[in-house]
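Listed below are the residues making up each chain.
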Amino acid sequence: MFDIQVVALLSTVIGAVTNPGFDIHAAAALGGLIGAGIILAGGAIGAGIGDGLVTSRTVEGIARQPEARGQLLTTMFISVGLIEAYPIIALVFALLLIFATPHV
């Protein structure tokens, strides 16, 4: 069942690309928008998971050694700052995909 659907999808895409009325510029823009969405979603999900893991490990460390609270919090804030840079970098790449899509 899955193989038939994949073949049908591929034949539809190939048929659309080989059609003389197919707009390659629209396809390039669409690909840029889809790629930008995937990049932004990955950046947001990755940062959320990373922040959660760092914070949970910091709380765990403070619970085990309360006297190391200052050092652990400093390290946590530096780590969270570095983790939060990832979605910003993803945003830059997404903007590149949206606005710098080459005209074929």
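Attention here is on the structure that accompanies the text. (Residues numbered from 1 in each chain as written. Predicted model: local features only at pLDDT ≥ 70, side-chain atom pairs only at ≥ 80, totals over all residues. Heavy atoms only, no water.)

So, the side chain of T58
Locating T58 in the fold gives a position in helix α2 (residues 24–64). A relative accessible area of 8% places T58 in the buried class. Those residues in contact with T58 that lie beyond four places of it in its chain are L72, L73 and M76. (Helix = DSSP H or I, 4+ residues; strand = E, 2+ residues; numbered from the N terminus. Buried < 20%, exposed > 50% of the residue type's maximum accessible area, 1.4 Å probe, protein only. Contact = heavy atoms within 4.5 Å.)

Quick look at helix α3 (residues 69–99)
Between its first and last C-alpha atoms α3 spans 45 Å; for 31 residues at 1.5 Å apiece the expected length is 45 Å, and the two agree. Considering only its buried residues, α3 is in contact with α2. (Expected span 1.5 Å × (residues − 1).)

Comments concerning the pattern of salt bridges
For the structure shown, the criterion picks out 2 salt bridges. Note that R57 is salt-bridged to E60, the shortest N-O span being 3.7 Å. Of this pair, R57 and E60 both sit in helix α2, 3 residues apart, which is roughly one turn of that helix. Look at R57 and you get exposed, because its relative accessible area is 53%. (Salt bridge = Lys/Arg side-chain N within 4 Å of Asp/Glu carboxyl O.)

Topic: a nonpolar patch on the surface
On the surface, a nonpolar cluster with roughly 560 Å² of combined accessible area is contributed by L33, L40, L91, L95, I98 and F99. Elements supplying a minimum of two residues to the nonpolar patch: α2 and α3. For the nonpolar patch, the element with the highest residue contribution is α3, accounting for 4 residues. Looking at where L33 falls in the secondary structure, it is placed in helix α2. (Patch = residues over 30% accessible without salt bridge, like charges linked within 9 Å, V, L, I, M, F, W, Y side chains within 5 Å. Areas by Shrake-Rupley, 256 points an atom, 1.4 Å probe, with all protein chains shown as cover.)

Considering the environment of R69
Here R69 shows up in helix α3. Each C-alpha atom, one on R69 and one on V59, is 9.0 Å from the other, the two residues being 10 residues apart in sequence.

Some remarks on α2
Think of an α-helix as turning once every 3.6 residues; residues three or four places apart then point the same way. Look at α2: 60 Å from first C-alpha to last across 41 residues, which is about the 60 Å you get at 1.5 Å a residue. Residues of α2 that are buried include every one of G32, G35, A36, G43, A47, G50, D51, V54, T58 and G61, and no others. Where α2 is buried, its residues contact α3.

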